[in-house]
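Structural overview
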Amino acid sequence: MLFKLSKRNVQRSMKDYSIYFFTLVLGVCIFYIFNSVEAQTAMMDMTENQKKLMEVTTMIISIVSVFVSFILGFLIIYANNFIIKKRNREFGIYMTLGISRSKIAFMLFYETIIVGVMSLAVGLFVGVFLSQGLASVTAKLFSLDMKKYQFIFSKEACIKTIIYFSIMFFITMILNFVVVSRYKLINLINSQRKNEKLKGTNLILSVALFIISIVCLGFAYKLILENALVDITDNNFKLSILLGVVGTVLFFRSLAGFLIKLVQNDKNLYLKNLNTFTLRQLNSKINTNYISMSIICLMLFISIGMYSSAIGLKNAMEKSAESQTPYDATFIETYNPQEKTNYNNEKLSEILKKLDLNVNDYSKEYLDYNFYKSPIKFIKMFENTSDDFLSKQLKVTMDHNIPIIKLSDYNKLNKMAGKKPINLKDKEVLFVTNSSTMENPIKDYIKNNKSIKIGNDEFKINENYQNQSLENDLAKDNFITFVVEDKYADKYDISQKCLSFNYVGDKKDTENNLTKNLEKSKNKQIQYQKDNGSILIFISKQMVLEINMSNAAMFLYIGLYIGIIFLISSAAVLALNQLSGATESLGRYEILKKLGVSSKMINKSIFIQVFIYFSLPIALALVHSYFGIKVANNVIKIFGDYDTVGTNVVAVVSICVIYAIYFFGTCKGYRRIVNK
């Protein structure tokens, strides 16, 4: 009997709380999709390095999934409380008819099981199909062939999803038992007659809090722009976060009393149609739920930031991978400056021969070259830069001597990379960088300085600086290098030895052979490094591409995962809050109908109320995001160039589309409750 009643209750409430069910399904779907990444990559033809890198990504996703499960768990509990609150009068009638609290609790138990099983089944079904799309995204990121594609079902992801969500629903059931055990019949029967108490609507207090909130947010934005995410351990960065949170809470706390008084000043607007009623309804909700609206605003800010940054990092890393690796392979020998500063004159190719690695076996075109340590400090050279981001970096960047490369080596490298050689006059220097963030500072330096003194020699600066990598880099960290004639470079100590070359024959096979031989000679390499105090590094084009694509996949997946979960959780809480308010306000709408107010006017009032309620959190979140994304873009540009405007617009529009779906769904549900 109880099970049949529970089944009927679920069917009856499904339309009113379709948003809750939709969010549960979406949550299950997303949880499965991102936890099935490991199964997707398992069937792809990946190299060992790619598999290892993706294992790291899947491990991080598993850790993030625990955090995501807590977010979804709180959402389920929060939504469940709204649903129970809506049905207080119904439960009071059950108790009047002699149904005990324990039976009501078991009825809720059955309802939770039915909703849980339905959402799990639908969510997993949709998730299995949508995860096939994520497989194609992964394949595209790693430039893998999808000819061997097959339909993927991840048993592990399915089991994990069922376990995690079963635990969430089980906790909800326990809480339902606790809530029902505290029910009092008189309170349940009179639940719809209770009016919400309006607190803190004093105009002077509201205006004061509003001004304080604006000041807090203004200082928060100022501090974050000054920090520019260069040093997140800085106290000013922590203070900007604190002021941002406090400012957000005070903004919504002051808004209820401030908003109604502001609109009341315009009598034509205030008294038009149902604006008085609509504003009172809205005022009541904001005043009661300002804490939850503040949290939702901050969650939306995180969602926009994660979503935008993830896409930006992915695009930047994809574009930078090729420019980071002008050659098929580079060996680098470097020393810890604190332990040894002087190199011997032995070429790196000769050193590798002693380690049973003959570069002639892998290439017919290679070059031994050195970087030399100039006496000019990087911080000293750019201490007066007008570039805001670089000036902030200089405060936390470890000072280093700017490297020099010989003109003859530079031209040979250009030839190997398929570029034209350059000519320099006597005592002329060329600036080379591969960092996008250094282009404007270098332009400004060249514009303001016609020459530069390196040691005892005065060099004229060549106006045509070059943006390129001089060796294979794991990151674009060559801020600036001087190119001078050979005789001037020889005056200084070697700071780094390099050997760059392009493979002969099939590049993939050649690299496989080289990496196998590197592994065989590993003991000799370790012994050499120990005896010499140096560090030997091997960086290949394929390796950098794989690392960049793996990092791009990791940032993209985690950013989208957290971003979407925060988005749907925020939108769902707003929606359920409004739908709960619709139930509580039924008596008010009945009075409006008795007074002759048309359904059209009521529906318009509902639309305006829900629109403003949804707009406020995301509007402030977008303001937060403007400053957050602005500083994040500077950091992302370190990894490479990308279309910042296009990427951010796509991210924001995508989020607004999902948010709009919840908004229109809430409007429809609200009208159904009021008009049925």
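The rules behind these values
- Residues numbered from 1 in each chain as written.
- Predicted model: local features only at pLDDT ≥ 70, side-chain atom pairs only at ≥ 80, totals over all residues.
- Heavy atoms only, no water.
- Helix = DSSP H or I, 4+ residues; strand = E, 2+ residues; numbered from the N terminus.
- pLDDT = per-residue confidence, 0-100.
- Contact = heavy atoms within 4.5 Å.
- Axes fitted to C-alpha atoms, helices over the stretch in contact; angles between N-to-C directions.
- Parallel < 35°, antiparallel > 145°, perpendicular 65-115°, else oblique.
- Left-handed = near helix turned anticlockwise from the far one by under 90°.
- Nonpolar A, V, L, I, M, F, W, Y, C, P; charged D, E, K, R; others polar.
- Expected span 1.5 Å × (residues − 1).
- Buried < 20%, exposed > 50% of the residue type's maximum accessible area, 1.4 Å probe, protein only.
- Patch = residues over 30% accessible without salt bridge, like charges linked within 9 Å, V, L, I, M, F, W, Y side chains within 5 Å.
- Areas by Shrake-Rupley, 256 points an atom, 1.4 Å probe, with all protein chains shown as cover.
- Salt bridge = Lys/Arg side-chain N within 4 Å of Asp/Glu carboxyl O.
- Pairing = 2+ DSSP bridges.
- Phe/Tyr/Trp six-rings, centres within 6.5 Å; stacked < 30°, edge-to-face > 60°.
- Lys NZ or Arg CZ within 6 Å of the ring centre and 35° of its normal.
- Core = buried A, V, L, I, M, F, W, Y, C linked by side-chain atoms within 4.5 Å.

Overview of the environment of Phe382
One can find Phe382 in the loop between helix H15 (378–381) and helix H16 (388–394). Separated by 60 residues in the primary sequence, Phe382 and Ile442 place their C-alpha atoms 8.9 Å from one another.

Topic: the confidence of the model for the chain
With 84% of its residues at a pLDDT of at least 70, the chain reaches an overall mean of 80. Across residues 195–200, confidence stays below pLDDT 50; counting only partners more than four residues off in sequence or on other chains, it has 14 contacts.

A word on the packing of helix H9 (residues 203–227) against helix H24 (residues 599–636)
Contact pair H9 / H24: the axes reach a minimum separation of 9 Å and the direction vectors enclose 20 degrees. Taken together, the axes of H9 and H24 lie roughly parallel to each other. The crossing of H9 and H24 is right-handed. Contacts between H9 and H24 involve Leu217, Tyr221, Ile224 and Leu225 from the first element and Leu620, Val623, His624, Phe627, Lys630 and Val631 from the second.

Details of the packing of helix H12 (residues 275–288) against H24
In the contact formed by H12 and H24, the axes pass within 9 Å of each other and the chain directions differ by 35 degrees. The two elements H12 and H24 cross, and the hand of that crossing is right-handed. Between H12 and H24, the contacting residues are Phe277, Thr278, Gln281, Leu282, Lys285 and Ile286 on the first element and Ser605, Ile608, Gln609, Ile612, Tyr613 and Leu616 on the second. Across the contact of H12 with H24, the residue classes tally to seven nonpolar, four polar and one charged.

Here we look at helix H2 (residues 18–35)
Across its 18 residues, H2 extends 26 Å between first and last C-alpha, which sits within 8% of the 26 Å expected from 1.5 Å per residue. Within H2, 15 of the 18 residues are buried, which leaves the element mostly enclosed by the surrounding structure.

Points about a nonpolar patch on the surface
A cluster of nonpolar side chains, contributed by Ile159, Ile163, Ile167, Phe170, Ile171, Ile174, Leu175 and Val178, occupies part of the molecular surface with about 680 Å² of accessible area. Relative to the helices and strands, Ile171 resides in helix H7 (residues 155–181).

Some thoughts on the pairing of strand E4 (residues 428–433)
Counting buried positions over the six residues of E4 gives six, a clear majority of the element. Both E4 and strand E6 (residues 457–461) contribute to a ladder of two bridges, which runs parallel. Looking at E6, one finds that Glu428 is bridged to Lys460. Both E4 and strand E8 (residues 481–484) contribute to a ladder of three bridges, which runs antiparallel.

Notes on the packing of aromatic side chains
All told, the structure shown has 30 aromatic pairs when counted by the stated rule. Plain terms: the ring middles of Tyr369 and Phe371 are 5.9 Å apart, the flat faces sit at 70 degrees to each other, and that makes the pair edge-to-face. You'll find Tyr369 and Phe371 in the same group, each marked buried. With a centroid separation of 5.8 Å and 70 degrees between ring planes, the pair formed by Phe611 and Phe663 is classed as edge-to-face. Of the two residues, Phe611 sits in helix H24 while Phe663 sits in helix H25 (residues 644–675), which places them 52 residues apart along the sequence. Note on Phe663: relative accessible area 7%, which makes it buried. Members of the aromatic cluster, each reached through a chain of ring pairs, are Phe378, Phe382, Phe431, Tyr445, Phe479 and Phe482. Against the face of Tyr290 rests Arg253, its NZ or CZ located 5.3 Å from the ring centre.

Things to note about unusual backbone geometry
Residues other than glycine seldom take positive phi values, yet Asp356 does so here, at roughly 65 degrees. Although it is not a glycine, Lys427 adopts a positive phi angle of roughly 60 degrees. On the accessibility criterion, Lys427 (31% relative accessible area) is partly exposed.

Considering the environment of Leu134
One can find Leu134 in helix H6 (residues 101–141). Sequence separation between Leu134 and Phe34 is 100 residues, and the spatial gap between their C-alpha atoms is 8.3 Å.

A short note on the nonpolar core
Core analysis: the biggest nonpolar cluster contains 95 residues, and Phe34, Phe165 and Tyr561 have the highest contact counts within it. Broken down by element, the residue count for this core peaks at 21 residues, all from helix H22 (residues 541–584). Ignoring any residue separated from it by four or fewer positions in sequence, one finds Tyr561 in contact with Ile30, Phe31, Phe34, Asn35, Ile61, Val64, Ser65 and Val68. Formed by 27 residues, the second largest nonpolar core is a distinct cluster that contains Tyr372, Met438, Ile480 and Ile494.

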